[in-house]
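Close look at the chain arrangement
Single-letter residue listing:
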Protein chains: 2
Amino acid sequence: MQLTLYTDYAIRTLIYLGTHPDRRITVGEISTSFGISRNHLTKVVQRLGQLGYVNTVRGKHGGLELARHAGEVTLGEMVRLLEPFTLVECFDTDRDTCPITPACKVKGALEKARQRFLSALDEYTVADMVEEPRGLITLLAIGPR
Amino acid sequence: MQLTLYTDYAIRTLIYLGTHPDRRITVGEISTSFGISRNHLTKVVQRLGQLGYVNTVRGKHGGLELARHAGEVTLGEMVRLLEPFTLVECFDTDRDTCPITPACKVKGALEKARQRFLSALDEYTVADMVEEPRGLITLLAIGPR
């Protein structure tokens, strides 16, 4: 069980912006700092823009900035919007081939587990993630390991 | 976020055995009923044997049977043992390249979410999954959709 890189990179992007509230940030700076694919990150950032998490400002001092206060954005909300939760095949009605789906109780159990997972993440905001920014800023300046 | 087929097939195997407590079952019967790979299922069953969930009885009336009472085996216990939980790369210390890991709070949040996910599954046993066996048995006899 793992989150997609898409969700992972979205969280990293908001953390990066949250640790640098004083200026606008380019996609290139974030991809270089984390050592992650710029192409992939570009798509993630476009989606974050569509979802109202980031603003892209054009021009000389342009770049990305948080569109909402970091204290308002929970990890649970982000993961709900970005992460596909096809825990087992019956979560995807169109592709389900499992014969027992109509009588199976596993889906209900997994659905409850999924909700508990997300509820836990609702307890954390992006602001919580960046409340001690100095260590993060230093590590981001050093770059990927 | 999805469970591996490995975990999925393990759960299906215990459900199959739990709905047929009156006789021993072959891997071929389970793979045919669910329409899933016999090779893959064989590996899963071997692991379920090693973990003490199933017994393999040799001979004319041989086959698989539950090694423990279905009411004693929780989904949480099974998923803990079978599912890799590398939610993001820093969960795998050997492969982690993320620069901010030493100062990052996301891992702690995800770790709490993981625990809540598993705690929810601790509330369900294999016996709960097969408490109404008739519908399951009928659907299994019909086979994959």
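Residues numbered from 1 in each chain as written. Chains lettered and ligands numbered in written order. Predicted model: local features only at pLDDT ≥ 70, side-chain atom pairs only at ≥ 80, totals over all residues.

**Describing the packing of helix α2 (residues 27-34) of chain A against helix α3 (residues 38-50) of chain A**
Residue and element names in this part refer to chain A. Axis separation between α2 and α3 bottoms out at 10 Å; the angle between their running directions is 125°. Looking at the two axes, α2 sits oblique to α3. Crossing of α2 against α3: the hand is right-handed. Residues Val 27, Gly 28, Ile 30 and Ser 31 of α2 form the contact with α3, whose own contacting residues are Arg 38, Leu 41, Thr 42 and Val 45. Tallied by class, the residues present in the contact of α2 with α3 amount to four nonpolar, three polar and one charged. (Axes fitted to C-alpha atoms, helices over the stretch in contact; angles between N-to-C directions. Helix = DSSP H or I, 4+ residues; strand = E, 2+ residues; numbered from the N terminus. Parallel < 35°, antiparallel > 145°, perpendicular 65-115°, else oblique. Left-handed = near helix turned anticlockwise from the far one by under 90°. Contact = placed C-beta atoms within 7 Å. Nonpolar A, V, L, I, M, F, W, Y, C, P; charged D, E, K, R; others polar.)

**A closer look at the nonpolar core**
Within the largest apolar cluster, 90 residues are counted, with the highest numbers of intra-cluster contacts made by A:Leu14, A:Leu121, B:Leu14 and B:Leu121. Among all residues touching B:Leu121, those that are not within four sequence positions of it are A:Ala109, A:Ala113, B:Thr74, B:Leu75, B:Gly76 and B:Val79. (Core = buried A, V, L, I, M, F, W, Y, C linked by C-beta atoms within 7 Å. Buried ≥ 20, exposed ≤ 12 C-beta atoms within 10 Å, placed from the backbone.)

**Let's talk about the interface of chain B and chain A**
Interface size is commonly expressed as the accessible area that is lost once the parts come together. Counting from both sides, the interface comprises 42 residues of chain B and, opposite them, 42 residues of chain A. Among the elements that line the side of chain B that touches chain A, the one with the most residues is helix α5 (residues 106-122) of chain B, at nine residues. Counted by class, the side of chain B that touches chain A contains 26 nonpolar, eight polar and eight charged residues.

**So, α3(A)**
All names here are of chain A. When the terminal C-alpha atoms of α3 are compared, their 18 Å separation across 13 residues agrees well with the 18 Å that a helix rising 1.5 Å per residue should span. Taken together, the buried positions of α3 are Leu 41, Val 44, Val 45 and Leu 48. Viewed along the axis of α3, the buried residues span an arc of 100°, placing them on a single side of the element. Away from its buried face, by an angle of more than 90 degrees, α3 presents the exposed residues Asn 39, Lys 43 and Gln 50. The first or second residue beyond α3 is Gly 52, which carries a positive phi of 80°. (Expected span 1.5 Å × (residues − 1). Arc of directions from axis to C-beta.)

**Remarks on the domain arrangement of chain A**
All names here are of chain A. For chain A, the domain assignment lists domain 1 (1-72 + 126-145) and domain 2 (74-124). Of note, the centres of domain 1 and domain 2, computed from C-alpha atoms alone, are 27 Å apart. The partner domain 2 presents seven residues to the nine residues of domain 1 that form the contact. The dominant element in the side of domain 1 that touches domain 2, judged by the number of residues it contributes, is helix α1 (residues 5-19), at four residues. (Domains from an automatic or database assignment.)

**Some words on the relation of the copies chain B and chain A**
Once chain B is rotated about the relating axis by 180° and shifted along it by 0.0 Å, it coincides with chain A to within an RMSD of 0.0 Å. On the angle and the small slide along the axis, the relation comes out as a two-fold axis. Identified as the residue of chain B closest to the rotation axis by C-alpha distance is B:Phe117, at 2.5 Å. Of all interface residues in chain B, 100% are interface residues in chain A too; the two copies therefore contact each other through one and the same surface. (Least-squares fit on C-alpha atoms with pLDDT ≥ 70 in both.)

**Regarding the environment of A:Thr42**
Residues and elements named next belong to chain A. Along the polypeptide, Thr 42 turns up in helix α3. Look at Thr 42 and you get partly exposed, because 13 C-beta atoms sit within 10 Å. In this structure the C-alpha to C-alpha distance between Thr 42 and Val 27, which are 15 residues apart in sequence, comes to 6.6 Å.

**Focus: the confidence of the model for chain A**
A residue-level look at chain A finds 100% of positions with pLDDT of 70 or above and a mean pLDDT of 96. Both scores are given for the predicted complex: the pTM is 0.95, the ipTM 0.95. (pLDDT = per-residue confidence, 0-100.)

**Re the environment of A:Ala109**
Relative to the helices and strands, A:Ala109 resides in helix α5 (residues 106-122). Every residue in contact with A:Ala109, bar those within four places of it in the chain, is listed here: B:Leu75, B:Leu121 and B:Tyr124.

**What to know about the environment of A:Leu66**
Residues and elements named next belong to chain A. Take Leu 66: it is sitting in strand β2 (residues 63-66). Residue Leu 66 is classed as buried on the basis of its 22 C-beta neighbours within 10 Å. Counting along the chain gives 25 residues from Leu 66 to Leu 41, while the straight-line C-alpha distance between them is 16 Å. Not counting chain neighbours up to four residues away, the residues in contact with Leu 66 comprise Leu 14, Leu 17, Gly 18 and Val 54.

**Some thoughts on the packing of helix α4 (residues 75-82) of chain A against α5(A)**
Residues and elements named next belong to chain A. Two numbers describe how α4 lies on α5: the axes approach to 6 Å, and their chain directions differ by 135°. By the angle between their directions, the pair α4 and α5 is classed as oblique. In this structure, α4 contributes Leu 75, Gly 76, Val 79 and Arg 80 to the contact, and α5 contributes Leu 118, Ser 119, Leu 121 and Asp 122. For the contact of α4 with α5, the per-class residue count stands at four nonpolar, two polar and two charged.

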